[in-house]
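# Observations on chain architecture
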Amino acid sequence: MLLLTPGPVTTADVVKQALAQDYAPWDNDFRAIVRKLCADIREVAGGTPETHVALPLSGSGHFALEAAVRTFVPAAGKILIPQTGAYAARLRRLASEAGRTVVPLPVGSRERTQAAALAEALCDDPRITHVGLVYSETGSGICHDVPLLAQVAGGLGRRVIVDAVSAFGALPLDVSDLPAVDAVVLTSNKCLEGPPGAAFAVCRIDRLEASRGNAGSWSLDLADIHEHGKTTNGGARFTPPAPTLAALSVAMDLHRQEGRAARLARYTVNQRTLYDGVRALGLEPYLPTELQGPIIVNVQAPTVPGWTLQGFVDGLKRRGFVISNFYNTEEPTFRVGCIGAITPDDMSRAVEAMGQALSELPIAA
Ligand SMILES: *Cc1c(COP(=O)(O)O)cnc(C)c1O
């Protein structure tokens, strides 16, 4: 069975094999695995050991996003979040439930965040301290120009938190070039092609040290995770998802062998195969080609009566492919991920299976 969900993703066999073992998280051998893993993640982000640290946190991406917001946005701070889609809306919700004041910046559902609009909103409200940016908006499939937007925010004296969860490891990112970025958030189970259960924040060390006591939560305090790691040589405060971390360290070796740019190129061919393939089946992708990113394609649900997403999903599953069984855009669209240990050939077979699954639905009769 291949997962064509935008996380968790299909993993390589060697990654799955690393899960079939017990690990003692506080054992010195295991600590060495985690230290190396965090160094590898920092390197993919472009950070140096002097300036940046990759901090692991148990759980999914939302946990690390909340931790980044709590740690870096002071209780009296204000965070502007361009409303690019479902994931920006989630960032907005978790920041406001963490008690931070959120300023939403409206962005059309088929638009990229404009640098000029961001600059204007920041100039209008000098009390905005932070900007929260979603790199690859998994809700729609649009990738935003986060390096540019982060430069603009930094130029206006604001700090930045990047939700790179569905981008990290594929889209270009270099924190050494983006001094305004306090944290880049990512997880084990998207473009790094590991299993789910671990999240990370790549943080500036100086900002972590200046942000002690902000979080208002022990579990979600990145500054505390950093302090603990320093005094225990990379030890965890609480039980980590050890098999996931071990398997991710194997996945990072595969990432290094393939290279970030080659991984992005593979995902891009997967995406084009899917995009052109569904059009050939008579379906319409949600985004025009110029806005379509390489991570996930949304396809408009056929409007004919008799279509059910679940019926289609079940038909695909019988043929060996799993896609999301819920809608994430304001119009009904089905979502297909282009990431994970899958090739353009796998994607061609998936498109063929979509054609067969569609022909089985009552609408095609
Ligand atoms: C997957 C994802 C997240 C995190 O989702 P979790 O289910 O908490 O791992 C956050 N932002 C984006 C853009 C994502 O794609």
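Since this is a predicted model, take the numbers as computed values, not measurements. Within every chain, residues take consecutive numbers counted from 1 along the sequence as written. Predicted model: local features are reported for residues with pLDDT of at least 70 only, side-chain atom pairs are reported and counted for 80 or more only, and whole-chain, interface and lining totals are derived from all residues. With hydrogens and water excluded, all non-hydrogen atoms of the structure serve as input to the side-chain values.

### Some words on the side chain of Gln271
Test applied: Starting at the N terminus, helices and strands are each numbered in turn, a helix being any DSSP run of H or I of at least four residues and a strand any DSSP run of E of at least two. The rule is simple: take the accessible area with a 1.4 Å probe, protein chains only, and divide by the maximum for that residue type; under 20% is buried, over 50% is exposed, in between is partly exposed. A contact between two residues is defined here by any heavy atoms of the two lying within 4.5 Å.
Secondary-structure assignment places Gln271 in helix H10 (residues 260-280). Of the residues examined, Gln271 reaches a relative accessible area of 8% and is grouped as buried. Look past the residues within four positions of Gln271 in its chain and what remains in contact with it is Gln292, Gly293, Pro294, Val297 and Cys338.

### Examining the pattern of salt bridges
Worth spelling out the cut-off: Should a side-chain nitrogen of Lys or Arg be within 4 Å of a carboxyl oxygen of Asp or Glu, the pair is scored as a salt bridge.
Tallied over the full model, the rule gives 23 salt bridges. Note that Lys36 and Asp40 form a salt bridge whose closest N and O atoms lie 3.1 Å from each other. Placement of the pair is Lys36 and Asp40 together in helix H2 (residues 28-45), with a separation of 4 residues, close to one helical turn. Among the ionic pairs, Glu360 bridges to Arg319, the shortest N-O distance being 2.5 Å. You can see Glu360 sitting in helix H12 (residues 344-360) and its partner Arg319 sitting in the loop between helix H11 (309-318) and strand E12 (321-322), a full 41 residues away along the chain. Ionic contacts of the salt-bridge type, sharing partners, join the residues Lys36, Asp40, Asp253 and Arg256 into one network.

### Thoughts on the UniProt feature "modified residue: N6-(pyridoxal phosphate)lysine" (unreviewed entry) in the protein chain
As a reminder of what qualifies: UniProt positions are given in the numbering used here, feature names are shortened, and annotations may be inferred rather than shown by experiment.
When the UniProt feature table is mapped onto this chain numbering, "modified residue: N6-(pyridoxal phosphate)lysine" (unreviewed entry) sits at Lys190. Structurally, Lys190 is set in the loop between strand E9 (181-187) and strand E10 (198-204). With residues near it in sequence (within four places) discarded, Lys190 still touches Pro6, Gly7, Val9, Val165, Ser166 and Ile339.

### Remarks on the UniProt feature "domain: Aminotransferase class V" (unreviewed entry) in the protein chain
Here, the residues flagged by UniProt with the feature "domain: Aminotransferase class V" (unreviewed entry) are residues 33-282. Overall, residues 33-282 shows 44% helix and 19% strand. The separation of its end C-alpha atoms is 48 Å.

### Overview of the sheet that holds E10
What counts is decided by this rule: Following DSSP output, two strands are said to pair if at least two bridges run between them. Note on geometry: axes are C-alpha line fits, over the in-contact stretch for helices, and angles between N-to-C directions span 0 to 180 degrees.
Reading across from one edge, E2-E10-E9-E8-E5-E3-E4 is the order of the 7 strands in this open sheet, with mixed pairing throughout. Edge positions in the open sheet fall to strand E2 (52-58) and strand E4 (101-106), since each of these has one partner strand only. Strand after strand, the sheet turns through a mean of 20 degrees between neighbouring axes, direction not considered. When E2 meets E10, the two strands line up antiparallel, connected through 7 bridges. Within the sheet, the bridge partner assigned to His52 lies in E10 and is Arg204.

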